[in-house]
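# Topology and contacts: notes
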Amino acid sequence: GAQAGTCLHAIFEVWEFTAPCDDKLLALVTTTLQRYGIATDFAPFVVQNVVATLQKPLFPTRAGAQVCLAQIPVTQRLVELEFTYPVKQLRRDALYECVAAAQVSTDFLRALKQCDFLPLQGFMKGFIDLVVRVDDKFYIIDYKSNFLGEQLEDYQPAALLPAMVEHHYYLQYWLYTVALHRYLQVRLANYSYERHFGGVAYLFLRGMSLHGNYGVFWDRPSKALIEALSALLDG
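All figures in this text were calculated on a predicted structure; none of them were measured in a lab.

### Concerning the side chain of Asp129
- The topology assignment puts Asp129 in strand S4 (residues 120–134).
- The side chain of Asp129 is buried and forms no salt bridge, while Lys144, the nearest opposite charge, is found at 6.0 Å.
- A polar contact is formed between the side chain of Asp129 and the side chain of His9, at a distance of 2.9 Å.
- Polar side-chain contacts of Asp129 include one of 2.9 Å to the backbone nitrogen of Tyr143.
- Setting aside its immediate chain neighbours within four residues, Asp129 contacts His9, Leu78, Val79, Glu80, Ile141, Asp142 and Tyr143.

See the structure below:
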């Protein structure tokens, strides 16, 4: 449930990724589980998942290698990046037309058509779990604690798509990408979406493994989608 998700987020917020995963990590996990009222019997399993998440190769480099989170120093990470931007008016039908014109996944389009909400006016506020920089490309990372099954196969890429659709995570990371796009436009000289934005990785923590392609949902929204969505939010 939400308590477990909050607990796992707290561990990743506090732990220094580049530190050795030793008894200090076990101690942090144990005390964090206690703080959130979760049995400490789960500590070894949680440590295992944290290690797999930090050491799993995720980000391509110009040299053709792949970098894991444990290799990214704190100077190249933004944790819980807060954003707030104005929304003049957002209606479901306008949102649907906007993303349909940008040719997004039919699975996401079908889900969006069923996503009902009142017209929104005011401010969009949120927090991005993690933004990392690798070879001048920026990536959005979001941790998910969803239970999809007891086997690793339950967390293969095809099995993650239903969760992305059901919980409208696709809409979440579109809005996150708009936020980061606007942030980089202001903070980065000669910013280019195509050159500087690497993509989005949703890490399903229960299925993270150093072996096989499990637990990671990747996407890189098109520049056309993000610019159209940004313009729509501006009204």
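### Focus: the packing of aromatic side chains
- Tallying each qualifying case throughout the model produces 15 aromatic pairs.
- Note on Phe83 and Tyr85: the rings are 5.6 Å apart at their centroids and 20 degrees apart in plane angle, and the pair reads as stacked.
- What makes Phe83 buried here is its relative accessible area of 10%.
- What makes Tyr85 buried here is its relative accessible area of 4%.

### Considerations on the pairing of strand S6 (residues 197–204)
- Counting buried residues along S6, eight of its eight residues qualify, which places the element largely inside the surrounding structure.
- Inspection of the sheet shows strand S5 (residues 137–144) paired to S6 by seven bridges, in the parallel sense. Bridge pairing in S6 places Asp142 opposite Tyr202.

### Details of empty space enclosed by the protein
- Within the structure shown, the criterion is met by one cavity of 30 Å³ or more.
- Quantified by volume, the largest cavity comes out at close to 40 Å³.
- Looking at the largest cavity, the residues that line it are Phe12, Glu13, Phe17, Val79, Glu80, Asp129, Leu130 and Tyr143.
- Mapped onto the lining of the largest cavity, the elements with two or more residues apiece are helix H1 (2–14), strand S3 (77–90) and S4.
- When the residues that make up the lining of the largest cavity are grouped by side-chain class, the tally is five nonpolar, no polar and three charged.

### Quick notes on helix H6 (residues 157–166)
- Taken together, the buried positions of H6 are occupied by Leu160, Ala163 and Met164. Viewed along the axis of H6, the buried residues span an arc of 100 degrees, placing them on a single side of the element. For H6, the exposed residues lying more than 90 degrees away from the buried face are Ala158 and Glu166.
- Looking at the packing, one finds that the buried side of H6 touches helix H5 (106–114), helix H7 (169–187), S6 and strand S7 (216–219).
- Following H6 by one or two positions, His168 has its phi on the positive side, about 55 degrees.

### So, the pairing of S5
- Burial analysis of S5 places seven of its eight residues in the buried class, which makes it a mostly covered element.
- Taking the residues between adjacent antiparallel strands as the criterion, S4 and S5 are bridged by two residues, where Asp135 takes a positive phi near 50 degrees.

Criteria and thresholds
Residues numbered from 1 in each chain as written. Predicted model: local features only at pLDDT ≥ 70, side-chain atom pairs only at ≥ 80, totals over all residues. Heavy atoms only, no water. Helix = DSSP H or I, 4+ residues; strand = E, 2+ residues; numbered from the N terminus. Buried < 20%, exposed > 50% of the residue type's maximum accessible area, 1.4 Å probe, protein only. Lys, Arg positive; Asp, Glu negative; His and termini not counted. Salt bridge = Lys/Arg side-chain N within 4 Å of Asp/Glu carboxyl O. Polar contact = N/O pair within 3.5 Å; in protein donor to acceptor, adjacent residues only side chain to side chain. Contact = heavy atoms within 4.5 Å. Phe/Tyr/Trp six-rings, centres within 6.5 Å; stacked < 30°, edge-to-face > 60°. Pairing = 2+ DSSP bridges. 1 Å grid on protein atoms, 1.4 Å probe; cavity = no way out; pocket = protein on both sides within 12 Å on 5 of 7 lines; lining within 4 Å. Points joined across faces, edges and corners; volume = space filled by probe spheres on them. Nonpolar A, V, L, I, M, F, W, Y, C, P; charged D, E, K, R; others polar. Arc of directions from axis to C-beta.

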